[in-house]
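Take a look at the letters that make up each chain.
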Amino acid sequence: EKASSYITRFPVIHVRGIPLMCHIANNWDSIWAFRPDPSDLLIATYPKAGTTWTQEIIDLLLHNGDAEACKRAPTPVRSPFLEICSPPPIPSGLDLLNKMDPPRLIKTHLPFQLVPPGFWENKCKAIYVARNAKDNLVSYYYFDLMNKTQPEPGPFDGYIHKFMRGELSWGSWYDHVKGYWVEREKNNILYLFYEDMKENPRREVERIMRYLDLSVSDEIINRIVELTSFKSMKENPMANYSCVPSPVFDQSISPFMRKGEVGDWKNHFTPEQSKEFDEDYEEQMKDVNIPFRSLI
Ligand code: A3P
């Protein structure tokens, strides 16, 4: 069966107030009941915050920098996406996880309150990556243009307002970054920033290594930094999502490995849009002090 025959821009359905792709919402009970092994590792992000990059770093750290081992399969097979369910024949995240032995590297975009409680009961390690709001929004906009299973993004100005109102799939960016931030100490969550990874990838790879209680030589750290550069990953068929057929991810509209930069929002927001966004941001973020880089 051709992918084009069962792919469509699926509607979202709200689960406890969070808009999720209908297949996720319809399978919610099994997702919520998922019991991880204590050795499983969770990588959590708002969509487009640097998930794939972090998954590649972690897989390489777990394989002592062995590039070939980390080309054994595409990212979503090596590191399943917990909640994803598309119509058959695409395997769901739970299908893949049930066939794998722990320790597994499990990806999620669920906000903290929707993560299956087994992760915290079993004291699983968890890494969260946050990206500055405007770049995250721009990246998500391009993704929604090319990912034919996501709701239609519509014009950019309207998209900004949907983002501000938390109407995009997986809900509010503001609540997402805050939810994990307030839980990070109690649940031993390593909270990373995309901008820190861009500024000094070596420092962040070492931070992840220490969190995972791994010890990897300097030479191998250098190799991991090189193998996870934007350029290397864009050229790596096991990391650049070329595994997803083009009726689903149309990379001719926008490549999955699109730009990989900090500050690309400046090429997309008008000064007026930026001002309105910043005023709303102040309001939505006033109850926390998460050290995001300046938005200016
Ligand atoms: P852009 O659209 O800004 O280019 P996710 O993996 O969470 O879906 O995030 C995708 C975003 O991370 C895209 O951002 C993508 O280009 C960027 N990205 C992926 N790998 C990267 C890397 N090795 N270095 C920097 N950015 C990377």
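Preceding this section is the structure that the text describes.
Conventions and cut-offs
Residues numbered from 1 in each chain as written. Predicted model: local features only at pLDDT ≥ 70, side-chain atom pairs only at ≥ 80, totals over all residues. Heavy atoms only, no water. Axes fitted to C-alpha atoms, helices over the stretch in contact; angles between N-to-C directions. Helix = DSSP H or I, 4+ residues; strand = E, 2+ residues; numbered from the N terminus. Left-handed = near helix turned anticlockwise from the far one by under 90°. Contact = heavy atoms within 4.5 Å. Nonpolar A, V, L, I, M, F, W, Y, C, P; charged D, E, K, R; others polar. Core = buried A, V, L, I, M, F, W, Y, C linked by side-chain atoms within 4.5 Å. Buried < 20%, exposed > 50% of the residue type's maximum accessible area, 1.4 Å probe, protein only. Salt bridge = Lys/Arg side-chain N within 4 Å of Asp/Glu carboxyl O. Pairing = 2+ DSSP bridges. Near = heavy atom within 4 Å. 1 Å grid on protein atoms, 1.4 Å probe; cavity = no way out; pocket = protein on both sides within 12 Å on 5 of 7 lines; lining within 4 Å. Points joined across faces, edges and corners; volume = space filled by probe spheres on them. Expected span 1.5 Å × (residues − 1).

Student: Mind showing me how you'd approach the packing of helix H11 (residues 201-211) against helix H12 (residues 218-227) here?
Tutor: Running from amino to carboxyl end, H11 crosses H12 at an angle of 115 degrees, the nearest separation of the two axes being 10 Å. Helix-helix and strand crossings are classified by hand; for H11 and H12 the assignment is right-handed. Only Asp-218, Ile-221, Asn-222, Ile-224 and Val-225 of H12 make contact with H11, whose side of the interface consists of Pro-201, Arg-202, Val-205, Glu-206 and Met-209. Of the residues assigned to the contact of H11 with H12, the class counts are 6 nonpolar, 1 polar and 3 charged.

Student: Would you take a moment to explain the nonpolar core for this structure?
Tutor: Nonpolar side chains in soluble globular proteins generally cluster together in the buried interior. Within the largest apolar cluster, 95 residues are counted, with the highest numbers of intra-cluster contacts made by Trp-173 and Phe-277. The dominant element in this core, judged by the number of residues it contributes, is helix H7 (residues 133-146), at 7 residues. Here Phe-277 is in contact with Ala-133, Lys-134, Leu-137, Ile-160, Phe-163, Met-164, Tyr-174 and Phe-269, once residues within four sequence places are set aside.

Student: For this particular structure, what's the right way to read the pattern of salt bridges?
Tutor: Pairing between side chains of opposite charge can happen when the charged atoms of each approach one another. If you walk through the whole model with that rule in mind, you get 25 salt bridges. Of the charged contacts in the structure, one is a salt bridge between Lys-186 and Glu-183, with a shortest N-O distance of 3.7 Å. Judged by relative accessible area, which is 18%, Glu-183 ranks as buried. Here Lys-259 ties to Asp-264 by a salt bridge, and the two come within 2.7 Å at their closest N and O atoms.

Student: Looking at this model, I keep getting lost on the pairing of strand E2 (residues 18-21). Mind explaining?
Tutor: Along a regular strand, successive side chains alternate from one face of the sheet to the other. As paired elements, strand E1 (residues 12-15) and E2 share 4 bridges and run antiparallel to each other. In the sheet register, Val-12 faces E2, and the bridge partner there is Met-21. From the end of E1 to the start of E2, which pair antiparallel, there are 2 residues, and Arg-16 there has a positive phi angle of about 45 degrees.

Student: Looking at this structure, how should I read the site of the ligand?
Tutor: Not every one of the 18 residues close to the ligand is listed here, only the nearest: Thr-51, Thr-52, Ser-139, Lys-259 and Gly-260. Put simply, the parts of the chain that give the shell around the ligand at least two residues each are helix H3 (51-62) and helix H13 (230-235). Of the residues forming the shell around the ligand, the biggest block, 3 residues, is contributed by H3. For the shell around the ligand, a count of residues per class yields 7 nonpolar, 7 polar and 4 charged.

Student: Can you help me understand the pairing of strand E3 (residues 41-45) in this one?
Tutor: Taken across its 5 residues, E3 has 5 buried, putting it largely inside the fold. Residue alternation in E3 divides its side chains into two sets, Leu-41, Ile-43 and Thr-45 and Leu-42 and Ala-44, and both sets are buried. Summarising the sheet, E3 and strand E4 (residues 105-108) pair through 4 bridges and their orientation is parallel. Opposite Leu-41, over in E4, you have Leu-105 as the bridge partner.

Student: How should the environment of Met-146 be read in this particular structure?
Tutor: Its location among the elements puts Met-146 in helix H7. Its relative accessible area of 1% is what places Met-146 among the buried residues. On a C-alpha basis, the gap between Met-146 and Pro-255 in space is 7.9 Å, while along the polypeptide they are 109 residues apart. When near neighbours in sequence (up to four residues on either side) are disregarded, Met-146 contacts Val-248, Phe-249, Asp-250, Gln-251, Ile-253, Ser-254, Pro-255 and Phe-256.

Student: Looking at this structure, how should I read the sheet that holds strand E6 (residues 189-193)?
Tutor: Strands in a sheet are paired, the pairing made by backbone hydrogen bonds, and the direction either parallel or antiparallel. The strand order E4-E3-E5-E6 describes an open sheet built from 4 strands, whose pairing is parallel. With one partner strand each, in any of the chains shown, E4 and E6 form the two edges of the open sheet. Between one strand axis and the next, the sheet turns by 20 degrees as a mean value, whatever way the strands run. On the sheet, helix H9 (residues 173-183) packs against E3, E4, strand E5 (125-130) and E6 and is oriented at approximately 135 degrees with respect to E6.

Student: Could you clarify how one ought to interpret empty space enclosed by the protein in this entry?
Tutor: Where empty space is left becomes clear once a probe the size of a water molecule has been rolled over the atoms. Inspection of every chain in the model, using the stated rule, returns 1 cavity of 30 Å³ or more. Estimated volume of the largest cavity: approximately 40 Å³. If you go around the largest cavity, the residues you meet are Gln-55, Glu-56, Asp-59, Arg-72, Thr-75, Arg-78, Ser-79 and Leu-105. Among the elements that take part in the lining of the largest cavity, H3 stands out by supplying 3 residues, more than any other.

Student: Before we go on, may I ask you to explain H7 in this structure?
Tutor: At 3.6 residues per turn, the α-helix brings residues three or four places apart onto the same side. Its 14 residues give H7 an end-to-end C-alpha distance of 20 Å, which sits within 8% of 20 Å, the value for a rise of 1.5 Å per residue. Within the span of H7, buried status applies to Ala-133, Lys-134, Asp-135, Asn-136, Leu-137, Val-138, Ser-139, Tyr-140, Tyr-141, Phe-143, Asp-144 and Met-146. Summarising the contacts, the buried residues of H7 are in contact with helix H8 (156-165), H9 and helix H14 (271-284).

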